[in-house]
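Given next are the chains, with one letter for each unit.
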Amino acid sequence: MSQLTHINASGEAHMVDVSAKAETVREARAEAFVKMRPETLKMIVDGSHHKGDVFATARIAGIQAAKRTWELIPLCHPLLLSKVEVTLTADVENSQVRIESLCRLTGKTGVEMEALTAASVAALTIYDMCKAVQKDISIEMCRLLSKSGGKSGDFKAVSDD
């Protein structure tokens, strides 16, 4: 197992120094699933939810969250993201919403945490907007799908299919 990069020689948490790293194009994708009753999902899809467009609000929340990840996760670097995309898809058959986020930049550190934060906050926003009609909505999974760029190389999650 490789060394934990956020722990110094004394065992203390610290922010990794990336000043000597080369700038490369880095990209990460993450996903999250929000399960709910069919009638709650129908309300979102039909646009009949009394709070407005749930998907638009969740998309904007996810984008904003990615841009502010460094303020939420203590040892993350502030990043100049060049692309943040949040896609929400209604899966009527499974009564859930699939959220996929994409974050990209040219920089010295990866964007995995930004992609995970975007998907997580978009999922939390769906919950927040729909909790008045259904309290037992659940966020089933949030995971990294892929990452590219940087010294540690590329990663692609094993498909559940």
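See the structure printed just above.
Rules of the game
Residues numbered from 1 in each chain as written. Predicted model: local features only at pLDDT ≥ 70, side-chain atom pairs only at ≥ 80, totals over all residues. Heavy atoms only, no water. Buried < 20%, exposed > 50% of the residue type's maximum accessible area, 1.4 Å probe, protein only. Helix = DSSP H or I, 4+ residues; strand = E, 2+ residues; numbered from the N terminus. Arc of directions from axis to C-beta. Core = buried A, V, L, I, M, F, W, Y, C linked by side-chain atoms within 4.5 Å. Contact = heavy atoms within 4.5 Å. Expected span 1.5 Å × (residues − 1). Pairing = 2+ DSSP bridges. Axes fitted to C-alpha atoms, helices over the stretch in contact; angles between N-to-C directions.

**Student:** Outline helix α1 (residues 38-46), supporting the account with residue identities and numerical values.
**Tutor:** Within α1 the residues assigned to the buried category are Thr40, Leu41 and Ile44. Buried positions in α1, seen along its axis, are confined to an arc of 95° and lie on one side of it. The outward face of α1, more than 90 degrees from its buried face, is lined by the exposed residues Pro38 and Lys42. Phi turns positive one or two residues past the end of α1, at Gly47, with a value near 75°.

**Student:** Go over the nonpolar core with me, naming the residues and quoting the values.
**Tutor:** Val34, Met36, Leu88, Val97, Ile99 and Ile126 are the most contacted members of the largest nonpolar core, which has 30 residues in total. At the level of secondary structure, the elements contributing two or more residues to this core comprise β1 (24-35), α1, α2 (54-67), β2 (83-91), β3 (96-107) and α4 (112-130). It is α4 that contributes the most residues to this core, nine residues altogether. Beyond its immediate sequence surroundings of up to four residues, Leu88 is in contact with Phe55, Ala58, Arg59, Val97, Arg98, Ile99 and Ile126.

**Student:** Provide a residue-level description of unusual backbone geometry, including the pertinent values.
**Tutor:** One non-glycine residue, Ser95, lies in positive phi territory at about 50°. When you line up the elements, Ser95 lands in the loop between β2 and β3.

**Student:** Describe α4, listing the residues and the values that go with them.
**Tutor:** For α4, built from 19 residues, the straight-helix expectation of 27 Å at 1.5 Å per residue is met to within 8% by its first-to-last C-alpha distance of 28 Å. Within α4, burial applies to Glu114, Ala115, Leu116, Thr117, Ala118, Ala119, Ala122, Ala123, Thr125, Ile126, Met129 and Cys130.

**Student:** Give me the lowdown on the sheet that holds strand β5 (residues 155-156), citing residues and values where you can.
**Tutor:** Pairing in this open sheet of five strands is antiparallel, and the strands run β2-β3-β1-β4-β5 from one edge to the other. Since the sheet does not close on itself, it has two edges, and those belong to β2 and β5, each with one partner. Sheet topology places strand β4 (residues 138-148) next to β5; two bridges connect them, and they run antiparallel. Across the sheet, Lys147 pairs through a bridge with Phe155, a residue of β5. Contacts from α4 reach β1, β2, β3 and β4, with the element oriented near 25° to β1.

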